[in-house]
Amino acid sequence: MQITRRRFLAGAAGALLLGQLPLGCTADTSGLPTPPSHAPELRAQEGSVQLTPPEYPETPVWGYGGSVPGPQIRVPQGQRVSRLFVNDLPQPSTVHWHGVRLVNAMDGVPELTQTVVPPGKSFLYEFDAPDAGTFWYHPHDRAWEQMARGLYGALIVEEPEPPFVDHDEVLLLDDWYLTAEADFHPSFGAAHDWAHAGRLGNWLTINGEGNWTRTTRQHERWRLRLVNTSNARVLPLEVKGLAGWLVALDGQPLSFLQQLSHLQLAPAQRADLIVDVVAQEGEEATLSLLQEDRGILFGTFAVNGVGRADRLPEPEPLPANPVPPLGDLEAARSASLLMEGGAMGGMQQAMLDGRNLKWQQLLNRNKFWAMNGVANVPDDPLLNAAVGETIRIRIINDTVWPHAMHLHGHHFRRVTAEGTHGPLRDTLLLEREESAEIAFVADNPGDWLLHCHMLEHSDGGMKTWLRVA
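Described in the following lines is the structure provided in the data block.

About the cut-offs
Residues numbered from 1 in each chain as written. Predicted model: local features only at pLDDT ≥ 70, side-chain atom pairs only at ≥ 80, totals over all residues. Heavy atoms only, no water. Buried < 20%, exposed > 50% of the residue type's maximum accessible area, 1.4 Å probe, protein only. Helix = DSSP H or I, 4+ residues; strand = E, 2+ residues; numbered from the N terminus. Pairing = 2+ DSSP bridges. Core = buried A, V, L, I, M, F, W, Y, C linked by side-chain atoms within 4.5 Å. Axes fitted to C-alpha atoms, helices over the stretch in contact; angles between N-to-C directions. Phe/Tyr/Trp six-rings, centres within 6.5 Å; stacked < 30°, edge-to-face > 60°. Lys NZ or Arg CZ within 6 Å of the ring centre and 35° of its normal. 1 Å grid on protein atoms, 1.4 Å probe; cavity = no way out; pocket = protein on both sides within 12 Å on 5 of 7 lines; lining within 4 Å. Points joined across faces, edges and corners; volume = space filled by probe spheres on them. Nonpolar A, V, L, I, M, F, W, Y, C, P; charged D, E, K, R; others polar. Salt bridge = Lys/Arg side-chain N within 4 Å of Asp/Glu carboxyl O.

## Points about the pairing of strand E29 (residues 427-430)
- Judged by which residues are buried, E29 turns out to be covered on both faces: Thr427 and Leu429 on one side and Leu428 and Leu430 on the other are all buried.
- Of the strand pairs in this sheet, strand E27 (residues 403-407) and E29 are connected by 4 bridges, and their pairing is antiparallel. Within E29, the position partnered with His403 by the bridge is Leu430.

Structure (structure tokens):
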């Protein structure tokens, strides 16, 4: 059953439709130097956007340029990206360039790669984009609030010879937790969200549009770049009226095309699709969120006319990016990461700021999760790796909640019990009580964060780091 977009926000707090549900240069934030003239501005500021149907008020958002999403950045593979980040928000912030294998000083992680950028100050981000693919940018300070208010945008790095398509479209998928007045529900930082699944919304958008529609013609070919920008919602997706292939995950091309059927995106994950419109003229092709026994409409493609007599031939796989191949896994340096905590998790205690605290003491400090017995970033790295080493990390989810584990600065492969290696990813979804092993080549020097991208889980204690030197 399709749920219409207008079955929305009933009651004073809103009925939940989905259920409760060389490093470049930097600007010194204490005394900003004159920025170079070549760097375009990326300004985080307050704005107002019509997220909901027109009979509702506009929503007061935080956005880059005051819009949702922020400006789309497109560059050729290998080109240098330069943006002067200006913080006009009432909170400190940074910019993390998610999935880009960039130099460490540009990674945007407070107190690990840079200091926060206070209100009214600036920071110059400059880095080369080595991989072609679909990436995005977002804050990494109080991200659980700033991203929920709309602060994110797409970074597209284009192949030297991109595949032929009629349309190349970026789809930033989000869920928003809104009141009946289309304002943000004021429950930011709620302990329930932090200890459970995270902040889950009641309103879906694509690129900030609650009524996302594009007109197309039968047998036209689209490249769809899907990004899950939500705080915490895992998105099981279904397409109808579109047929094609999954060609890339998390910005990294698949070595062979996968026939498109159902698709699942955890928070921060991306998927590139090449699809043909197979719906008939006068019909609609749809993208829906599968929720129990119903489909909740995300967006539609209205078919108006016939673009060509038949479907185009199957495309070739996208060219591989220069990610180093794995070395000998038997000789690889290894580490284990035990994830604990959360509601119904049974965690009794954890280290925080050098002290061993009991569960209730942790709750009083808004820490609900731990990794290897430590809540928040530990003093010592999970491991020290030499540049070029192959690394294996076994991750054990000893909780009753899913977690989307994101490694900064690298892409990894999942290692199965048979020793086979999955596709390159930067974010891996672990279901409740699931374990997985990842492997990667530590070829990027610096201190790199490893954390859950359910944003309330991350700031609730679920983050660690590793050092490559």
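Continuing now.
## Describing the nonpolar core
- Formed by 85 residues in total, the largest nonpolar core has its most connected members in Trp97, Ile393 and Met405.
- Ranked by size, the runner-up nonpolar core spans 30 residues in total, among them Leu173, Ala271, Val275 and Val277.

## What about the sheet that holds strand E4 (residues 73-76)?
- Taken in spatial order, the 4 strands line up as E4-E9-E8-E6 in an open sheet, and their pairing is mixed. In this open sheet, the two strands that pair with only one neighbour each are E4 and strand E6 (96-98). The mean inter-strand angle of the sheet, taken between neighbouring strand axes irrespective of direction, is 25°.

## Observations concerning unusual backbone geometry
- Residue Val68 is joined to Pro69 through a cis peptide bond whose omega torsion reads -5°.
- Topologically, Pro69 is positioned in the loop between strand E3 (59-64) and E4.
- At Asp353, a residue that is not glycine, the phi angle is positive and equals roughly 55°.
- Residue placement: Asp353 occurs in the loop between strand E22 (349-352) and strand E23 (355-358).
- With phi around 60°, Asn366 is a residue other than glycine that occupies positive phi space.
- Secondary-structure assignment places Asn366 in the loop between helix H3 (359-364) and strand E24 (369-371).
- For Asn366, a relative accessible area of 24% gives the class partly exposed.

## What to know about the sheet that holds strand E18 (residues 270-277)
- Spatial strand order, E11-E10-E13-E18-E15-E16: 6 strands in an open sheet with mixed pairing. Looking at which strands have only one partner, the edges of the open sheet turn out to be strand E11 (203-206) and strand E16 (252-259). Strand after strand, the sheet turns through a mean of 25° between neighbouring axes, direction not considered.
- The pairing of strand E10 (residues 167-176) with strand E13 (residues 221-228) spans 7 bridges and is parallel. Following the sheet pairing, Leu171 is matched in E13 by Leu226.

## Remarks on the packing of aromatic side chains
- In the structure shown here, the tally under the stated rule is 11 aromatic pairs.
- Both rings, one in Phe123 and one in Tyr125, keep their centres 4.7 Å apart while their planes meet at 50°; by these two values the pair is tilted.
- We classify Phe123 as buried; its relative accessible area is 7%.
- Tyr125 sits in the buried class, given a relative accessible area of 1%.
- Each member of the aromatic cluster is reached from another via a ring pair, and the members are Tyr64, Phe85, Trp97, Phe123, Tyr125, Phe127 and Tyr137.
- Directly above the ring of Trp62 sits Arg149, whose terminal nitrogen or CZ lies 4.7 Å from the centroid.
- A cation sits over an aromatic face here: Arg199 above Phe188, 4.0 Å from the ring centre.

## Concerning empty space enclosed by the protein
- If you add up the space inside the largest cavity, you get close to 80 Å³.
- Around the largest cavity sit Met147, Ala148, Asp174, Asp175, Trp176, Tyr177, Arg199, Leu200, Gly201, Thr229, Ser230 and Asn231, which together line it.
- When the residues that make up the lining of the largest cavity are grouped by side-chain class, the tally is 5 nonpolar, 4 polar and 3 charged.

## Some details on the pattern of salt bridges
- Applying the stated criterion to the full structure yields 28 salt bridges.
- With a shortest N-O distance of 2.7 Å, Glu41 and Arg43 are connected by a salt bridge.
- Residue class for Glu41 comes out partly exposed when judged on its relative accessible area of 46%.
- When its relative accessible area of 24% is taken as the criterion, Arg43 is described as partly exposed.
- As a salt-bridge pair, Asp128 and Arg80 come within 3.0 Å of each other at their nearest N and O atoms. Linking Asp128 in strand E7 (residues 122-128) with Arg80 in strand E5 (residues 80-87), this pair joins segments that are 48 residues apart in sequence.
- Residue Arg80 is classed as partly exposed on the basis of its relative accessible area, which comes to 33%.

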